[in-house]
Amino acid sequence: MEGFVLSDSQIEGFRRYMASATDLSEGSRTRYAYEVEQFFKLTGKAMDQLSPRDILEWNLMLVEGGAAPGTIGQKRAALRRWFQWFEEFEENEHAGRLLRAMNHLKMPPALAPRRAPYSLTEDQVQRVLDAAAERSGVGTRDRAMIHFLWATGARRAELRNLILANLVMEERLASVVGKGDKPRTVVFDAACQQDLARWLEVRETWEVAPEVLEVFVSAFGARLNVNTVSTIVRECGERAGLQNGLWTHIFRHSRLTDLLNGGLSLQDTAVFAGHSDPATTLGYFHQGAGELKSRYDQARQGKELP
């Protein structure tokens, strides 16, 4: 994952501050340090380059991305501790301005509305793919990008950071970097393979800088911003007429639900998703009454009492 990387001395200083001036447990201190590192990697800016607007846009990205209120709260708490450390112990006035910006965020995470989970049907996915293909100038890219999200259940950042060298078209495999910078392999189907192949042909005609190695790039040949990915997905959902809205993570939710309803074991689905604990995978499972009845009948076939 690229972006601004904090120095070891900065992270160690933050850890010492939390150990000496807070009541946080060791586990919480480790998590806070991780969240802060991820924030700076995501924004790509050093401390003195951050603005209050960056804080607001980061918060909006979390809310619109469908993150759980608890997850948003944890990320906010970690960043707030970081700014407090810089303001109080490093005597950094700029950190104080950023901290005040955090105090004016939209609403407390505990009160943030959470979108009701739902799973996309194949018809809905097809409508979104068709809508993506119709986007002038970028339709081939957008269709391939959305198809990859649906086929692999990849996270938004995993798609954005996918590089050409890690895409094995012949084997229908891709190596992505997930949460905690953990690499994993995802699989895509033949239909997605075709859309990717079409996009790679188009990509060769675009003016892309040699140092840009990502599979999906902007119309100007630069790396895509994660917020741009979300915007593309949302707009394609609107074009497709989806009443419940569309965001990147719903493809992951839908794919895992589809695999579990299709009979893939919980353990195999967890490996596919990159979950170390299969219990996490169950949180993505949305089974309708029809699927439940079908699986019940299949399990009881030939076993009915006379």
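First things first, this report covers the structure right here in the doc. (Residues numbered from 1 in each chain as written. Predicted model: local features only at pLDDT ≥ 70, side-chain atom pairs only at ≥ 80, totals over all residues. Heavy atoms only, no water.)

1. Some remarks on the packing of aromatic side chains
1) Next: Counted under the stated rule, the structure contains 15 aromatic pairs.
2) Next: With 6.3 Å between their ring centres and 20 degrees between their planes, Phe14 and Tyr17 make a pair best called stacked. With Phe14 and Tyr17 both in helix α1 (residues 8-21), this residue pair falls three residues apart, about one helical turn. Take Phe14 and Tyr17: they sit in the same class, and that class is buried.
3) Next: With centroids separated by 5.1 Å and ring planes inclined at 40 degrees, the aromatic side chains of Trp82 and Phe86 adopt a geometry described as tilted. Taken as a pair, Trp82 and Phe86 lie in helix α4 (residues 69-88) at a separation of four residues, close to a single helical turn. Considered together, Trp82 and Phe86 belong to a single accessibility category, that of buried residues.
4) Next: Aromatic rings pair up to connect Phe14, Tyr17, Phe39, Phe40, Trp58, Trp82, Trp85, Phe86 and Phe89 into one cluster.
5) Next: The ring of Trp150 has Arg255 sitting right over it, with the charged end atom 4.1 Å from the ring centre. (Phe/Tyr/Trp six-rings, centres within 6.5 Å; stacked < 30°, edge-to-face > 60°. Helix = DSSP H or I, 4+ residues; strand = E, 2+ residues; numbered from the N terminus. Buried < 20%, exposed > 50% of the residue type's maximum accessible area, 1.4 Å probe, protein only. Lys NZ or Arg CZ within 6 Å of the ring centre and 35° of its normal.)

2. Here's the deal with the environment of Val215
1) Next: Looking at the secondary structure, you find Val215 in the loop between α9 (190-203) and α10 (226-239).
2) Next: The buried category is assigned to Val215, whose relative accessible area is 0%.
3) Next: Between the alpha carbons of Val215 and Ile163 there is a distance of 5.2 Å; along the sequence they are 52 residues apart.
4) Next: Residue contacts for Val215: discarding those within four places in its chain leaves Leu162, Ile163, Leu164, Leu167, Trp199, Leu200 and Arg203. (Contact = heavy atoms within 4.5 Å.)

3. Some points on the pairing of strand β2 (residues 173-177)
Strand residues, when the strand is regular, have side chains that alternate between the two faces of the sheet.
1) Next: Across the two faces of β2 the burial differs, with Ala174 and Val176 buried and Leu173, Ser175 and Val177 not buried at all.
2) Next: Pairing geometry for strand β1 (residues 167-168) and β2, over two bridges, is antiparallel. When the sheet's bridge partners are listed, Val168 is paired in β2 with Leu173.
3) Next: In this antiparallel pair of consecutive strands, β1 and β2, the connection spans four residues, and Arg172 shows a positive phi of 55 degrees. (Pairing = 2+ DSSP bridges.)

4. A word on the nonpolar core
1) Next: Phe148, Leu167, Phe188, Leu196, Phe216 and Phe251 are the most contacted members of the largest nonpolar core, which has 44 residues in total.
2) Next: Those elements that provide at least two residues to this core are α6 (122-133), α7 (139-152), β2, α9, α10 and α11 (248-261).
3) Next: In terms of residues, this core owes the most to one element, α7, which gives seven residues. (Core = buried A, V, L, I, M, F, W, Y, C linked by side-chain atoms within 4.5 Å.)

5. Some thoughts on helix α3 (residues 52-64)
1) Next: With 13 residues, α3 extends 18 Å between its outermost C-alpha atoms, agreeing within 8% with the 18 Å of an ideal straight helix rising 1.5 Å per residue.
2) Next: Residues of α3 that are buried in the fold lie against α2 (26-43), α4, α5 (93-102), α8 (156-160) and α10.
3) Next: Remark: Gly66 follows α3 within two positions and exhibits a positive phi of approximately 80 degrees. (Expected span 1.5 Å × (residues − 1).)

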